[in-house]
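Report on the structure
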Amino acid sequence: MSNDTEDTGVIIAILERLNDFRLPRLLELKERMDAGETLSEYDMEFLERVMEDASSAHAYADRHPEVQPLYSRVIALYSEITAKGLENEKSRPG
C-alpha cells in the first residue's frame, strides 16, 4: 500500500470520527460555554482526547494541504471553548 493510499484511509477514519463523535460534542460545548456554563471534569477529559486526536492528525494535515483548513478550524474551536470556559470559571461567584 502506498503512503498516499494509507494516508487517505487514515484521513477518512479521522474525518469520520470528527464528524460522528468529536464535532457534535465540540459544538455542544461551545454552545454551553457561550451560555455561561463551565467545563466539567468530563468535558475537560473529552477536550484532552480531542487534542490527542489533533496531535495525531497533525502529520497528515501537514502532508495534505487540502485538510489543513479543517484542521485549523477544529483547533480554533477547541481554543474558543477552553478560553470561554476559563472566562466563565473566573467570573463564577464563589
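Residues numbered from 1 in each chain as written. Predicted model: local features only at pLDDT ≥ 70, side-chain atom pairs only at ≥ 80, totals over all residues. Heavy atoms only, no water.

**Quick word on the pattern of salt bridges**
Taken as a whole and judged by the stated rule, the model has 12 salt bridges. Ionic pairing is found between R17 and D53, a salt bridge with its closest N-O pair at 3.0 Å. Residue R17 is found in helix α1 (residues 3-34), and its partner D53 is found in helix α2 (residues 41-63); the two are separated by 36 residues along the sequence. One salt-bridge network, in which partners are shared between bridges, spans R25, E28, R32, E37 and D43. (Salt bridge = Lys/Arg side-chain N within 4 Å of Asp/Glu carboxyl O. Helix = DSSP H or I, 4+ residues; strand = E, 2+ residues; numbered from the N terminus.)

**Some thoughts on the nonpolar core**
Of all hydrophobic cores here, the largest spans 11 residues; its members are L18, L26, L29, M33, L39, F46, L47, V50, V74, L77 and I81. Only α1, α2 and α3 (68-91) provide two or more residues apiece to this core. It is α1 that provides the largest number of residues to this core, a total of 4 residues. Apart from the residues lying within four places of it in its own chain, the contact partners of I81 are L26, L29, K30, M33, L39 and L47. (Core = buried A, V, L, I, M, F, W, Y, C linked by side-chain atoms within 4.5 Å. Buried < 20%, exposed > 50% of the residue type's maximum accessible area, 1.4 Å probe, protein only. Contact = heavy atoms within 4.5 Å.)

**Topic: the packing of α2 against α3**
Following both chains from N to C, one finds α2 and α3 inclined at 155°, their axes separated by 10 Å at the closest point. Classified by the angle between their axes, α2 and α3 sit roughly antiparallel to one another. The way α2 lies across α3 gives a crossing that is left-handed. Counted together, L47, V50, M51, A54, A57, H58, A61 and D62 of α2 and Q68, Y71, I75, Y78, I81 and T82 of α3 form the full contact between these two elements. Considering only residue class, the contact of α2 with α3 consists of 10 nonpolar, 3 polar and 1 charged. (Axes fitted to C-alpha atoms, helices over the stretch in contact; angles between N-to-C directions. Parallel < 35°, antiparallel > 145°, perpendicular 65-115°, else oblique. Left-handed = near helix turned anticlockwise from the far one by under 90°. Nonpolar A, V, L, I, M, F, W, Y, C, P; charged D, E, K, R; others polar.)

**A closer look at a negative patch on the surface**
A surface patch of like charges, here negative, comprises E41, E45, E48 and E52. In this fold, E41 is placed in helix α2. (Patch = residues over 30% accessible without salt bridge, like charges linked within 9 Å, V, L, I, M, F, W, Y side chains within 5 Å. Areas by Shrake-Rupley, 256 points an atom, 1.4 Å probe, with all protein chains shown as cover. Lys, Arg positive; Asp, Glu negative; His and termini not counted. Charge placed at Lys NZ, Arg CZ, Asp CG, Glu CD.)

**Digging into the packing of α1 against α3**
For any two helices packed against each other, one specifies the crossing angle of their axes together with the interaxial distance. Interaxial distance between α1 and α3 falls to 9 Å at its minimum, and their mutual angle equals 30°. Put simply, α1 runs roughly parallel to α3. The two elements α1 and α3 cross, and the hand of that crossing is left-handed. Of the residues in α3, those in contact with L15, L18, L23, L26, L27, L29, K30, M33 and D34 of α1 are L70, V74, L77, E80, I81, K84, G85 and N88. Among the residues forming the contact of α1 with α3, the class breakdown is 11 nonpolar, 2 polar and 4 charged.

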